[in-house]
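The residues making up each chain are set out below.
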Amino acid sequence: MTAETAAIHATVENYIAHFSNNDRAGYLSLFAEDAWVEDPVGSPKHEGLEAIGAFWDGSRELAPEIELRLTKANVCGGEAAFFMEIRPMLGDQAMTMTAIDVMTFDDDAKITTLRAYFDMAEMRPADD
């Protein structure tokens, strides 16, 4: 049995909200105990909640404010792929780049794996 599509969509939406609102506890609550994050794809995996929390901390050291803007999420067979815009504040400049995240979920719609696809070379000043 896999989680319901609506529950997975809710997890993705909460992922976007918690990340954008700098809610570390809310963000971590979305992951299964044995989850892992590969962000970006090709980098070492962050395995388990403690390592995922350390990943969160590291991302906030680079940019204390990071807004995610969900464009479209597709959910199929207990997995989700979604396109989003990442908008970190670097100093007083909002930056932007696009990313695609792919997640798998357990029966309770907790994230079990997360793989993030993006190219840092695409980062540019936001124009809005």
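Residues numbered from 1 in each chain as written. Predicted model: local features only at pLDDT ≥ 70, side-chain atom pairs only at ≥ 80, totals over all residues. Heavy atoms only, no water.

- As annotated in an unreviewed UniProt entry, the chain is Nuclear transport factor 2 family protein from Candidatus Neomicrothrix subdominans.

Overview of the pairing of strand 1 (residues 31-38)
Item 1. Strand 1 sits mainly inside the fold: six of its eight residues count as buried.
Item 2. Pairing of strand 1 with strand 6 (residues 111-117), which is carried by four bridges, proceeds in the parallel orientation. Looking at strand 6, one finds that Phe31 is bridged to Ile111. (Buried < 20%, exposed > 50% of the residue type's maximum accessible area, 1.4 Å probe, protein only. Helix = DSSP H or I, 4+ residues; strand = E, 2+ residues; numbered from the N terminus. Pairing = 2+ DSSP bridges.)

Some thoughts on the nonpolar core
Item 1. Counting 34 residues, the largest nonpolar core has Tyr15, Tyr27 and Phe31 as its most contacted members.
Item 2. Sequence-distant contacts of Tyr27, that is, excluding residues within four places in its chain, are made with Tyr15, His18, Phe19, Ile52, Phe55 and Trp56. (Core = buried A, V, L, I, M, F, W, Y, C linked by side-chain atoms within 4.5 Å. Contact = heavy atoms within 4.5 Å.)

Digging into unusual backbone geometry
Item 1. Note the cis peptide between Asp39 and Pro40, where omega equals 0°.
Item 2. Residue placement: Pro40 occurs in the loop between strand 1 and strand 2 (46-47).
Item 3. For Asn22, which is not a glycine, the phi torsion comes out positive at approximately 60°.
Item 4. Looking at the element boundaries, Asn22 is found in the loop between helix 1 (5-20) and helix 2 (24-28).
Item 5. Owing to a relative accessible area of 42%, Asn22 belongs among the partly exposed residues under this scheme.

Some points on the UniProt feature "domain: SnoaL-like" (unreviewed entry) in the chain
Item 1. As recorded in UniProt, the feature "domain: SnoaL-like" (unreviewed entry) lies at residues 12-112.
Item 2. Between the C-alpha atoms that bound residues 12-112 the distance is 13 Å, and the span itself is 28% helix and 48% strand. (UniProt positions renumbered as here; feature names shortened; annotations may be inferred.)

Let's talk about the packing of aromatic side chains
Given two aromatic rings, their pairing is described by the distance between the two centres and the angle made by the two planes.
Item 1. All told, the structure shown has seven aromatic pairs when counted by the stated rule.
Item 2. A centroid spacing of 6.0 Å and a plane angle of 65° characterise the contact between Tyr15 and Phe82, whose relative ring orientation is edge-to-face. Of this pair, Tyr15 sits in helix 1 while Phe82 sits in strand 4 (residues 79-90), and the two are 67 residues apart along the sequence. The two residues Tyr15 and Phe82 agree in class, both being buried.
Item 3. Ring-pair connections join several aromatic residues into one group, and the members of that group are Tyr15, Phe19, Tyr27, Phe31, Trp56 and Phe82.
Item 4. Over the face of the ring belonging to Phe19 we find Arg60, whose NZ or CZ atom lies 4.5 Å from the ring centre. (Phe/Tyr/Trp six-rings, centres within 6.5 Å; stacked < 30°, edge-to-face > 60°. Lys NZ or Arg CZ within 6 Å of the ring centre and 35° of its normal.)

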